[in-house]
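Overview (structure and organization)
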Amino acid sequence: MTAPATFLSPRDLLARWEEQQSAYVAHRENRFEVMLDILRLHSPAEPTVLDLACGPGSISDRVLARLPGSRVVAADYDPVLVRIAQTVLAEYGDRATVLDTDIAAPGWADVLARHRFDAVLTSTALHWLSPRQLLGVYTELAAILPPGAVLLNADHLRFGAEHPTLREVSERHEKRVQEAAFAGGACTWDEWWALAGRLPDLAGLLAERERRFADRPPQPLAPLAFHLAALQTAGFTEVGTAWQYLDDYVVFARR
Ligand SMILES: C[S@@+](CC[C@H](N)C(=O)[O-])C[C@H]1O[C@@H](n2cnc3c(N)ncnc32)[C@H](O)[C@@H]1O
């Protein structure tokens, strides 16, 4: 039983976020498992990880809890989500750093160049960027990552007109998963934001959130082929997919 909104802590809000996001991403935990396995099997035992567009800290929380000795830099541009991530990840002391960062702004990665990242992990986020911004993000990451570091991007990469059956099946699957999740008590996106707004500390940040994202309409969605070509163009040496379920992928790239 989840606590009434008046007694919600940032940790409770993160838990509600996980339920909400899992309504939109059927096999979200599988994505995270693949990421963690690649970290365990490829990266140093105590990796330094960049959680890109971290939201309230879902990836960071899993990395820090499950990989002892790991360190995380988590970055996002949403002031509400940054505040939640800062509060929740403070549980891990100096192993976690949370930054207020707009990854659509050229030069955003400059401040991160002092870190030696073993991996960049990101989920359900890069579709917020235009294809041009996406290439920019991959290029900035390639410039700061050492050889051998990996980038793992979990996101829906929608099927195009050349795959009408797969597109239709994916849409129907998604609808069914959402209906079941909401019937089971998960918040919708809008309901989660209404819940967050009931915490005075967060309510004061909502106007700034509105302001920051006001001029950012939904972007044309880049297909898998674009991601792979952009990663290669940016300087990644090995690119491919590490996991797929219908139109949901974990894209892999090694510097
Ligand atoms: C659906 S959330 C996913 C968050 C988290 N990775 C997860 O899987 O739960 C998408 C995130 O991308 C962030 N985002 C969108 N555009 C961004 C930008 N230009 N710079 C930094 N973060 C951005 C949003 O603020 C939001 O936190």
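Look up: the structure comes first, before these words.
Residues numbered from 1 in each chain as written. Predicted model: local features only at pLDDT ≥ 70, side-chain atom pairs only at ≥ 80, totals over all residues.

Brief notes about the overall build of the chain
Broken down by element type, the chain carries 10 helices and 7 strands. At 18 Å, the chain has a C-alpha radius of gyration in line with the 18 Å of a compact globule built from 255 residues. Taking the principal axes of its C-alpha atoms as reference, the chain extends roughly 50 × 50 × 35 Å. The burial tally for the chain puts 35% of its 255 residues in the buried class. Here the analysis covers contacts within the chain between residues at least 6 apart in sequence; of these, 74% occur between residues at least 24 apart. (Helix = DSSP H or I, 4+ residues; strand = E, 2+ residues; numbered from the N terminus. Rg over C-alpha atoms; globule rule 2.2 N^0.38 Å. Buried ≥ 20, exposed ≤ 12 C-beta atoms within 10 Å, placed from the backbone. Contact = placed C-beta atoms within 7 Å.)

Notes on the site of the ligand
The environment of the ligand is formed by 18 residues, the closest being Ala53, Gly55, Tyr77, Asp78 and Ala125. For the shell around the ligand, the class distribution of residues is 9 nonpolar, 6 polar and 3 charged. (Near = placed C-beta within 6 Å. Nonpolar A, V, L, I, M, F, W, Y, C, P; charged D, E, K, R; others polar.)

A look at helix H10 (residues 224-234)
Along H10, the residues classified as buried are His227, Ala230, Leu231 and Ala234. Buried positions in H10, seen along its axis, are confined to an arc of 100° and lie on one side of it. Of the exposed residues in H10, the ones pointing more than 90 degrees away from its buried face are Ala225 and Thr233. Along its buried surface, H10 packs onto helix H5 (131-144), strand E5 (150-156), strand E6 (238-245) and strand E7 (248-254). Two residues or fewer past H10, Gly235 is found with a positive phi of approximately 120°. (Arc of directions from axis to C-beta.)

Regarding the nonpolar core
Ranked by size, the top nonpolar core spans 57 residues in total, and within it Ala74, Ala85, Ala119, Val120 and Leu152 carry the most contacts. Examining the composition of this core, we find that 7 residues originate from one element, helix H4 (residues 79-89), more than from any other. If sequence neighbours within four positions are ignored, Val120 has contacts with Leu50, Leu52, Leu141 and Leu151. (Core = buried A, V, L, I, M, F, W, Y, C linked by C-beta atoms within 7 Å.)

Section: the sheet that holds strand E4 (residues 119-123)
A sheet is described by the order of its strands in space; here 7 strands give the open sequence E3-E2-E1-E4-E5-E7-E6, paired in mixed fashion. Every interior strand has two partners, whereas the edge strands, strand E3 (96-100) and E6, have only one. Taken over all neighbouring pairs, the strand axes of this sheet differ in orientation by 15° on average, direction set aside. Two strands pair when backbone bridges link them, and strand E2 (residues 71-76) and E3 are joined in this way by 5 bridges, in the parallel orientation. Residue pairing across strands places Val72 opposite Ala96, the latter belonging to E3. Where H4 meets the sheet, it contacts E2 and E3, and its direction lies at approximately 170° from that of E3. (Pairing = 2+ DSSP bridges. Axes fitted to C-alpha atoms, helices over the stretch in contact; angles between N-to-C directions.)

A short note on unusual backbone geometry
Of note, the phi angle at Thr124 is positive, near 50°, even though the residue is not glycine. The topology assignment puts Thr124 in the loop between E4 and H5. Taking the number of C-beta atoms within 10 Å as the measure of exposure, Thr124 has 19 and is therefore partly exposed. Positive phi, close to 50°, is recorded for Leu246, a residue that is not glycine. Topologically, Leu246 is positioned in the loop between E6 and E7. In this structure Leu246 comes out as partly exposed when scored by C-beta crowding, with 17 C-beta atoms within 10 Å.

What to know about the packing of helix H1 (residues 10-24) against H4
At their nearest, the axes of H1 and H4 sit 9 Å apart, and the two run at 115° to each other. The two elements H1 and H4 cross, and the hand of that crossing is left-handed. Packed against H1, whose contacting residues are Pro10, Arg11, Leu13 and Leu14, the element H4 presents Ile84, Thr87 and Val88 at the interface. Class assignment for the residues of the contact of H1 with H4 results in 5 nonpolar, 1 polar and 1 charged. (Left-handed = near helix turned anticlockwise from the far one by under 90°.)

Looking at the environment of Val98
For Val98, the position within the fold is in strand E3. Classification of Val98 as buried rests on a count of 24 C-beta atoms within 10 Å. A C-alpha to C-alpha distance of 8.7 Å links Val98 and Arg83, two positions 15 residues apart in sequence. Filtering out sequence-adjacent residues up to four positions away, Val98 remains in contact with Ala74, Val82, Ala85, Gln86 and Leu89.

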